[in-house]
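Residue strings, one per chain:
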Number of protein chains: 4
Amino acid sequence: MNSFGNIFRLTSFGESHGEAIGGVIDGCPAGIYLDKEFIQKELDKRKPGQSDFVTSRKEEDRIEFLSGVYDGKTTGTPIGFLVRNEDQHSSDYDNLKDVYRPSHADYTYQTKYGIRDHRGGGRSSARETISRIAGGAVAQLALEKANIRIVAYASQIGHISLDRHYSELDLEAIETTPVRCPDTEAAKKMMDLIQQVKKEGDTIGGVVTCICKGVPAGLGEPVFGKLHAALGSAMLSINAAKGFEYGMGFAGAQYRGSEVNDIFYRRTDGKIATKTNYSGGIQGGISNGEDIYFRVAFKPAATLLREQQTIDIHGNNTVINVHGRHDPCVVPRAVPIVKAMAAMVILDYYLI
Amino acid sequence: MNSFGNIFRLTSFGESHGEAIGGVIDGCPAGIYLDKEFIQKELDKRKPGQSDFVTSRKEEDRIEFLSGVYDGKTTGTPIGFLVRNEDQHSSDYDNLKDVYRPSHADYTYQTKYGIRDHRGGGRSSARETISRIAGGAVAQLALEKANIRIVAYASQIGHISLDRHYSELDLEAIETTPVRCPDTEAAKKMMDLIQQVKKEGDTIGGVVTCICKGVPAGLGEPVFGKLHAALGSAMLSINAAKGFEYGMGFAGAQYRGSEVNDIFYRRTDGKIATKTNYSGGIQGGISNGEDIYFRVAFKPAATLLREQQTIDIHGNNTVINVHGRHDPCVVPRAVPIVKAMAAMVILDYYLI
Amino acid sequence: MNSFGNIFRLTSFGESHGEAIGGVIDGCPAGIYLDKEFIQKELDKRKPGQSDFVTSRKEEDRIEFLSGVYDGKTTGTPIGFLVRNEDQHSSDYDNLKDVYRPSHADYTYQTKYGIRDHRGGGRSSARETISRIAGGAVAQLALEKANIRIVAYASQIGHISLDRHYSELDLEAIETTPVRCPDTEAAKKMMDLIQQVKKEGDTIGGVVTCICKGVPAGLGEPVFGKLHAALGSAMLSINAAKGFEYGMGFAGAQYRGSEVNDIFYRRTDGKIATKTNYSGGIQGGISNGEDIYFRVAFKPAATLLREQQTIDIHGNNTVINVHGRHDPCVVPRAVPIVKAMAAMVILDYYLI
Amino acid sequence: MNSFGNIFRLTSFGESHGEAIGGVIDGCPAGIYLDKEFIQKELDKRKPGQSDFVTSRKEEDRIEFLSGVYDGKTTGTPIGFLVRNEDQHSSDYDNLKDVYRPSHADYTYQTKYGIRDHRGGGRSSARETISRIAGGAVAQLALEKANIRIVAYASQIGHISLDRHYSELDLEAIETTPVRCPDTEAAKKMMDLIQQVKKEGDTIGGVVTCICKGVPAGLGEPVFGKLHAALGSAMLSINAAKGFEYGMGFAGAQYRGSEVNDIFYRRTDGKIATKTNYSGGIQGGISNGEDIYFRVAFKPAATLLREQQTIDIHGNNTVINVHGRHDPCVVPRAVPIVKAMAAMVILDYYLI
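Here is a short report on the structure shown in this document. This structure is a prediction, so every number in the text was calculated from the model and none was measured. (Residues numbered from 1 in each chain as written. Chains lettered and ligands numbered in written order. Predicted model: local features only at pLDDT ≥ 70, side-chain atom pairs only at ≥ 80, totals over all residues. Heavy atoms only, no water.)

**So, the sheet that holds strand E18 (residues 307-312) of chain C**
Residue and element names in this part refer to chain C. The sheet built from three strands is open, its strands ordered E8-E18-E19 with antiparallel pairing. Looking at which strands have only one partner, the edges of the open sheet turn out to be strand E8 (99-100) and strand E19 (317-321). Pairing of E18 with E19 involves five bridges; the strand directions are antiparallel. By the bridge assignment for E19, Thr-310 is matched with Thr-318. (Pairing = 2+ DSSP bridges. Helix = DSSP H or I, 4+ residues; strand = E, 2+ residues; numbered from the N terminus.)

**Considering the relation of the copies chain D and chain C**
With an RMSD of 0.0 Å, the fit of chain D onto chain C corresponds to turning through 180° and sliding 0.0 Å along the axis. The operation mapping one copy onto its partner corresponds to a two-fold rotation axis. A high fraction, 100%, of the interface residues of chain D reappear at the interface in chain C, so the copies pair face to face through one surface. (Least-squares fit on C-alpha atoms with pLDDT ≥ 70 in both. Contact = heavy atoms within 4.5 Å.)

**Let's talk about the sheet that holds strand E19 (residues 317-321) of chain B**
Read across the open sheet, the three strands follow the order E8-E18-E19 (chain B); overall the sheet is antiparallel. Edge positions in the sheet fall to strand E8 (99-100) and E19 of chain B, since each of these pairs with one other strand and no more.

**Section: the interface of chain D and chain C**
At the junction of the two partners, chain D supplies 102 residues and chain C supplies 102 residues. Here chain D packs against chain C, burying approximately 7,600 Å² in sum over the two surfaces, 58% of which is carbon and sulfur. On the chain D side of the contact with chain C, D:Phe224, D:Lys242 and D:Phe250 bury the most area, a combined 12% of that side's loss. Our count for the contact surface shared by chain D and chain C stands at four salt bridges. C:Glu200 is the partner of D:Arg256 in a salt bridge, and the nearest nitrogen-oxygen pair spans 2.6 Å. For the interface between chain D and chain C, the tally reads 49 residue pairs in polar contact (both at pLDDT 80 or more). Partitioned by chemical class, the residues of the side of chain D that touches chain C number 44 nonpolar, 41 polar and 17 charged. Sheet analysis places strand E12 (residues 241-246) of chain C next to strand E12 (residues 241-246) of chain D, joined by three bridges and oriented antiparallel. Note that in E12(D) the partner of C:Glu245 across the bridge is D:Gly243. (Buried area = accessible area lost by both parts, 1.4 Å probe. Salt bridge = Lys/Arg side-chain N within 4 Å of Asp/Glu carboxyl O. Polar contact = N/O pair within 3.5 Å; in protein donor to acceptor, adjacent residues only side chain to side chain. Nonpolar A, V, L, I, M, F, W, Y, C, P; charged D, E, K, R; others polar.)

**Here's the deal with the packing of helix H1 (residues 36-46) of chain C against helix H7 (residues 331-351) of chain C**
All names here are of chain C. Two numbers describe how H1 lies on H7: the axes approach to 7 Å, and their chain directions differ by 140°. Taken together, the axes of H1 and H7 are oblique relative to one another. Here H1 contributes Glu-42, Lys-45 and Arg-46 to the contact with H7, which in turn contributes Arg-333, Pro-336 and Lys-339. Here the residues of the contact of H1 with H7 sort into one nonpolar, no polar and five charged. (Axes fitted to C-alpha atoms, helices over the stretch in contact; angles between N-to-C directions. Parallel < 35°, antiparallel > 145°, perpendicular 65-115°, else oblique.)

**Remarks on the environment of A:Gly80**
Structurally, A:Gly80 is set in strand E7 (residues 79-84). Taking relative accessible area as the criterion, A:Gly80 reaches 0% and is therefore assigned buried. Here the alpha-carbon distance between A:Gly80 and A:Gly23, two residues 57 residues apart in the chain, equals 5.9 Å. Excluding residues within four positions of it along the chain, A:Gly80 makes contact with A:Gly23, A:Val24, A:Glu64, A:Phe65, A:Leu66, A:Ser67 and D:Phe13. (Buried < 20%, exposed > 50% of the residue type's maximum accessible area, 1.4 Å probe, protein only.)

**What about the packing of aromatic side chains?**
Aromatic ring pairs: the centre-centre distance and the angle between the two ring planes describe each pair. In this structure the tally under the stated criterion is 38 aromatic pairs over all chains. For the ring pair A:Phe264 and B:Tyr100, a centre distance of 6.0 Å and an interplane angle of 55° mean the geometry is tilted. Residue A:Phe264 is located in strand E13 (residues 264-266), and its partner B:Tyr100 is located in strand E8; the two belong to separate chains. For the residue pair A:Phe264 and B:Tyr100, the accessibility class agrees, reading buried in each case. One aromatic cluster in this structure is built from A:Tyr100, A:Tyr107 and B:Phe264. If you follow B:Lys112 out to its NZ or CZ, it ends over the ring of B:Tyr113, 5.8 Å from the centre. (Phe/Tyr/Trp six-rings, centres within 6.5 Å; stacked < 30°, edge-to-face > 60°. Lys NZ or Arg CZ within 6 Å of the ring centre and 35° of its normal.)

**Quick word on helix H1 (residues 36-46) of chain B**
Residues and elements named next belong to chain B. Within H1, burial applies to Ile-39, Gln-40, Glu-42, Leu-43, Lys-45 and Arg-46. Along its buried surface, H1 packs onto strand E4 (63-65), helix H3 (129-144) and helix H7 (331-351). The backbone nitrogen of Glu-37 has a side-chain oxygen 3.2 Å away, supplied by the residue at the start of H1, namely Asp-35.

This is the structure we're talking about:
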């Protein structure tokens, strides 16, 4: 389905080369000042062509709000919004009409629906994430009131991995590098790698790390609606995501309990806290007041500027050869999407 | 919430030391022969005391079906079931009544609800997974009719990792070792490690690998209901799970697109297939007919037979010291739970 | 589906002649004292054999709670419960096994599921309402804390209609007559009618009126989740219900706006109120603080102690002739069910 | 919430005087030819100013589709659509900004949300039904393929009631009278009544009857998702609806079982049918293959062209006096809305 969330609920629509991408945000609290400049800025972070390190396709992506706002503030009624598709060179895709591109959703959509809009991937295009960014930006505005803040950054591109803990990083510096890595040295290496991959018409994967600060203890719905299960589902629904881990994550498989149990203590201000945070801010599926942090793995994008063997819808062998523009690394643009999805999940659980 | 699934939907109830653990399965197709022996056998796989490598607590865990079955077959009406709690030494927990055990859900439940059943972890106890096993066993019976089969095994315990691809393993041999690892050599090492950890009153984490065979192309609901997002959410909702990855997973972050794009071809029988399966059987959130495979990371269990520093509900420092029985490694018993959850997800999407 | 409600959610199971009727209440607030005596008393109101004016079938219907309660109080975790089926003379139904009884659900269940438990109507039996009463009783306990009170009574049986407005009735007197009509004169006539109908082996319909007092202004979710739409759906889901109206109801079709607009005024205590209440306490789908009132129409029960023409599952003509016990009028036992459903709806919206 | 349906799901947005009214249709089957002319025609039926018997406000209400369609056909992806608000004289409402109009949703929205768009009723305006008509028109196109047809007509305006059974009426003639009553004689009386009421600045209520033909046996989800419960909820969610009844409805309260039990028989073509249809095509919540029919009661619209006493948001007494245009009778425009809602419900259950 194309809806996300329970109380704060985004319903999204739109194909890459249709009229528009948009959505409806239902359940947004009333009285939130809808800061359109902030929302547009978040959208600009996922815009193609913003730097040399992402796809150079030109998309203006101006958002228009259609309802749910009066006198600049949300009214508690559904917020409809849209972004017109412009400058979509649909004819660029004519030669791909009957072809199943490797590791794209062409074959599965065709099988499931018996019909598909092949232009630019249609509904399976990453342009769909425009709706997510918009929903997430509105959620961030609502979370601000509750002093909850969400940050995300590129922590790995290919084999270049930022091995420092997030507490040692300057999280205000994320937007200072085009790859959205707050460590300038690592960022430099990542950019070099992306440039090289791009030159070769190839693509590369990576990892986004996200931290949710200020989440009060008590959010989460046992047993199937655990907070990290909702976060995991949200992240895995992003295009190209292949893995999710929170707290100690996969590394936890190697640890002993005596090494990673988080010891409770009482802080000088009386608040209960844990000395370490291997749990990742969630215990038994419910937030415990510590930072929530998690990592999302992304595979390399499937579109290559290279010849690739494949078959067409008739089952015949064929070769595709895409020219022009492609996205050498999805990670820099995935950063704001991860943040947006996290904001929607946290707000949704906050409002239950 | 305590319901799972959309069409095939399990609602679960029960605390570790209450009257019973049970649930309601809604949306099960009519006409399925309810093989109670198979279901009890699946339950026995998660039963404590089944081997030296899991907790030695004695639980009989006999399932009773209350509705939804007539003449041995499902009728399409809800299937109520329960397992009575017996031999629960509730008084063992008297000294833990006012204590927040490290890395348990004591503190978060108390904060969220203002009240909790402290005995054996109450609702947050892994005994809750009895309902999951029951639901998953019924789902497996339904999937059998569609020739869909799900297998899971322990692929890592602590640092002992089974590095062979699942296609090289004898998946029929999983149940031949108490740790549920089909490679006897690796299984031996895993058991040695668990024995040692147990002796030290400590615990150890691990990884479960799961494969879904025979899933037809076309299952999955873009864009938020992607098949792997549903699988991820299901797996992350299992006690002690910290991470989920499918297909190339986190390793995909290091690859280039040219290395991992799955090339389509036409098999001799006319079926469309891919030469490799880095995608993990899912593309654009929809199954493509290849094997679906994924991995779930589990942290070490929080209950240690050791002194641990912590605080009580009044914020005072205290020391807990649990005696008797504990679970040195959750992984062997997590294997059937992973399988059960996968079966429910796949069936749910199959029925949409 | 067999679940009801969003936040406060009842999932029910059970057939008339299976092992048990029961359910799971999810989302009940923590800290409610679970008054089992009250709940059993509510169940006793729908018990067969309670008076001469309902079916004389003997059912003890003792409720057992299985989870979600600790120290007598709800813990916020799901409340499992069941009522064993006893003294079910299943063999009484042997001759009905292959027959479609007129105006029963035999034919539709068989068509939908291809299989059905014919004994006593199986899942479509009114015994299923045991779960509703249990869920509604728990909801009433929670509503009590919010000073919301719900009352219901028989306002019509056959052509005997109680034409006085509810404000003129002694609503404390409802349980003083076996038909649950607070006007003793009307009740007498209703009982006479039921006796006569019963003697003839026939059945008769009626109407239940329900009033929700103390509901604060602001409950209801426009535009599809209007409070009265949820109430209507709840009431229409009760066996034998054929109609629902609230406020001025069907009579409103004849009125002019100038006759029935409810004029706002400020009460001496400062509260905003309306001079009349044709709206029935709901405006634009949201409660306005006035009494919510509505009526539910019930058809006569389909089981007659008379010969009836029909066909069997092979399409052959046949005659059925039920002997023994039947329910001459469903209305007295529908009264507590209406109240229970209303309580669950109001609480659900209260908790959103 | 602002979503309707489970499989075929409409999410709607928009206020009377905002930028646009629109929505998203999720779950529409792929491959349906999206006949825009038909959809626009359905919208025109609810358009103000279409005749002397409805409000004379001018609204063009051209629908624009934004996604989900390729080559003229639905693709199974969400269908976004919108209708721009034009010629909305927002300043007409300036004097109503701080006033609670009698029997409108002004007070309840203000209480619930603390903020509201007062212009033309904002979200509570009947303009919201544009989304319903659009969703219902698409549903009708999908139902056509299954040979299911839905018709609705005005069966009562004020005291003028069309007392003939629908089977005696020419259902093709509904659109030949501006009030949408297929009996020209009754229609004439209804129009006279509306004219008179209009002249007096008053409004009048009425009833819409709806028939669903060709619905196969087996649609409906016991026990809470009974088909008529879903229809009832859908109808009661329409602005100004006060009651719903199906089959024998409220009249059924007066009948005896022996009078209204529907006797099964085998038709000459072998199909199982009932001799009468007091059940209204639904038994035990599941369709039985007979015509489904029901009635929806509408109260008179609250906006009068008369002086009315009320209070403002500060609790002060005031008098409102609306000039210009009003809707003397909502029924003619409610007819297509009832039809649209029925189409969405039936399709939704058809697709489960």
